[in-house]
Amino acid sequence: MSKLKLSVVVPCFNEQDGIFELSRRVTEACKKAVDKSYELILVNDGSTDATWEKMCEISRSDRQVTSINLSRNYGHQIALSAGLRFCKGDRIFIIDADLQDPPELLSKMMLQMDEGCDVVYGQRNKREGETAFKKASAFAFYRILNWFVDINIPKDTGDFRLISRKAVEVLNNMPEQHRFIRGMVSWIGMRQEPIFYDREPRFAGKTKYPLTKMIRFAIDAITGFSILPLRFATWFGVFTGLLAVALLLFVVIENLLGNTIEGWTSLALIILSLGSIQLFVTGVLGEYLGRIYIESKGRPLYVIQEILNSDNFETIKIGSYKKNEE
Ligand code: UDP
Ligand code: MG
């Protein structure tokens, strides 16, 4: 089998209204960039609408489209990981299903990669059709994240990027369960370059990242790349210790001056603030402990229920893919 030049990986969750348009535009962009030497991999992440049925329709009419059905909803980053492990191309193009990122940029990204880099990542100039809250939270997220982590995770980037086979192999060999893929890609190093573009509004449907998922995503990102929060306890300890010394001096002086202090307010304040700091720090410890626990179980990242492609029209394949053992 001749080696494919390009694989496109698209994680999809409840994207029934946009999936045809997505495959049309991506296919067009691929043909322009590499003619026929590509595969399109659609990963259905446990959608509850007709996304899977539509994917099957696309796969049946186009031999270059493979549809993978995960056994349930695993989340964006895991669905993406599934596609990355499955694809065979020499370069891998990652794009969301909602067409917020233009597939037409592919040719330019390919040219940029020809010059010798391993990752060409899309960096947003502006975001259209997103709420002020989403923009503000994304803005804050990337800045706070970079304050926490040592590696440089570029600001205002998503998973929209072109990655070399070499880099994807490294990624596929990272076993962690909590995956923050754009951070993991940064961690790899090698030569990575941005390509700037404007982010469009969603083609159809609505965002699959409500506030709760966004918070979970942010916690995964920070805890996955930094142990700085674990050191909070030490800092808080130093801070409250200094405060205690100051307070002690104050109390002694007041006492020598003959002033008796009515202590209730200050005591309540101290108890409350120390209590909340302790709980917070315990919570942070819990976050990391929980992650160690989950990793220690060594479960597969996901379960594939079925795969539909040109040589496998109706076969159901149940199996899990972990590390490199496919
Ligand atoms: N997605 C997924 N599983 C999920 C949530 C999202 O596969 O549990 C996919 C979704 O279909 C889309 C991509 O991940 O292709 C990014 O999601 P979305 O566009 O909703 O995120 P946003 O752009 O609003 O941050
Ligand atoms: Mg989107």
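Thresholds, definitions, all that
Residues numbered from 1 in each chain as written. Chains lettered and ligands numbered in written order. Predicted model: local features only at pLDDT ≥ 70, side-chain atom pairs only at ≥ 80, totals over all residues. Heavy atoms only, no water. Core = buried A, V, L, I, M, F, W, Y, C linked by side-chain atoms within 4.5 Å. Buried < 20%, exposed > 50% of the residue type's maximum accessible area, 1.4 Å probe, protein only. Helix = DSSP H or I, 4+ residues; strand = E, 2+ residues; numbered from the N terminus. Polar contact = N/O pair within 3.5 Å; in protein donor to acceptor, adjacent residues only side chain to side chain. Contact = heavy atoms within 4.5 Å. Near = heavy atom within 4 Å. Nonpolar A, V, L, I, M, F, W, Y, C, P; charged D, E, K, R; others polar. Axes fitted to C-alpha atoms, helices over the stretch in contact; angles between N-to-C directions. Parallel < 35°, antiparallel > 145°, perpendicular 65-115°, else oblique. Left-handed = near helix turned anticlockwise from the far one by under 90°. Donors = N, O, S within 2.8 Å, 3.2 Å for Na, K, Ca; no water. pLDDT = per-residue confidence, 0-100.

1. Considering the nonpolar core
A general tendency of soluble globular proteins is for nonpolar side chains to be buried together.
For step 1, the next point in the chain: Core analysis: the biggest nonpolar cluster contains 44 residues, and L70, L84, F141, L145, F180 and Y302 have the highest contact counts within it.
For step 2, the next point in the chain: Counting residues per element, this core draws most heavily on helix 3 (residues 76-86), which supplies 6 residues.
For step 3, the next point in the chain: Membership of the second largest hydrophobic core comes to 34 residues, among which are L22, V26, M55 and L308.

2. Concerning the side chain of N69
For step 1, the next point in the chain: Turning to its location among the elements, N69 is positioned in strand 3 (residues 65-70).
For step 2, the next point in the chain: Judged by relative accessible area, N69 falls into the buried class, the value being 8%.
For step 3, the next point in the chain: Within the structure, the side chain of N69 is placed 2.7 Å from the side chain of N44, a separation counted as a polar contact.

3. Looking at the environment of D156
For step 1, the next point in the chain: If you trace the backbone, D156 turns up in the loop between helix 5 (132-148) and strand 6 (157-164).
For step 2, the next point in the chain: For D156 and N125, which are 31 residues apart along the polypeptide, the C-alpha to C-alpha distance reads 8.2 Å.
For step 3, the next point in the chain: For D156, the contacting residues outside a window of four places in its chain are G122, Q123, R124, Y142 and R143.

4. Some details on the site of ligand 1
For step 1, the next point in the chain: Neighbouring residues of ligand 1: 19 residues in total, closest E15, D45, D98, T207 and K208.
For step 2, the next point in the chain: The separation between a nitrogen atom of ligand 1 and a polar main-chain atom of H76 is 3.3 Å.
For step 3, the next point in the chain: One of the backbone N or O atoms of A97 is found 2.8 Å from an oxygen atom in ligand 1.
For step 4, the next point in the chain: Of the residues assigned to the shell around ligand 1, the class counts are 5 nonpolar, 5 polar and 9 charged.

5. Notes on the packing of helix 9 (residues 228-256) against helix 10 (residues 264-297)
For step 1, the next point in the chain: It is the contact of helix 9 with helix 10, at a shortest axis distance of 9 Å, that shows an interaxial angle of 165 degrees. Taken together, the axis directions place helix 9 and helix 10 in an arrangement best described as roughly antiparallel. Considering how the two elements wind past one another, helix 9 and helix 10 form a crossing that is left-handed. Between helix 9 and helix 10, the residues in contact are P229, L230, F232, A233, F236, T240 and L247 and I270, L274, I277, F280, V281, V284, L285 and Y288, respectively.
For step 2, the next point in the chain: Here the residues of the contact of helix 9 with helix 10 sort into 14 nonpolar, 1 polar and no charged.

6. What about the coordination of the magnesium ion (ligand 2)?
Geometry reference: four tetrahedral donors at a metal, ideal angle 109.5 degrees. Six octahedral donors, ideal angles 90 or 180 degrees.
For step 1, the next point in the chain: Every protein donor of the magnesium ion (ligand 2) is accounted for by D98 (OD) and Q100 (OE1), and the metal-donor separations fall at 1.9 to 2.0 Å.
For step 2, the next point in the chain: Among the residues examined, D98 registers a relative accessible area of 5% and is labelled buried.
For step 3, the next point in the chain: Taking relative accessible area as the criterion, Q100 reaches 7% and is therefore assigned buried.

7. Here we look at the side chain of R182
For step 1, the next point in the chain: Mapped onto the fold, R182 is located in helix 7 (residues 181-188).
For step 2, the next point in the chain: Ignoring anything within four residues of it in the chain, the contact list for R182 reads Q77, Y142, T157, G158, D159, R161 and F217.

8. Some words on helix 7
Because an α-helix packs 3.6 residues into every turn, residues spaced three or four apart end up facing the same way.
For step 1, the next point in the chain: With respect to burial, helix 7 is a largely interior element, 7 of its 8 residues being buried.
For step 2, the next point in the chain: Burial in helix 7 covers these residues: I181, R182, G183, M184, V185, S186 and I188.
For step 3, the next point in the chain: Positive backbone phi, approximately 80 degrees, marks G189, located one or two places after helix 7.

9. A word on the confidence of the model for the protein chain
For step 1, the next point in the chain: Across the protein chain, the average pLDDT comes to 86, with 93% of residues at or above 70.
For step 2, the next point in the chain: Counted against residues more than four places away or in other chains, residues 320-326, with its pLDDT under 50, gives 20 contacts.

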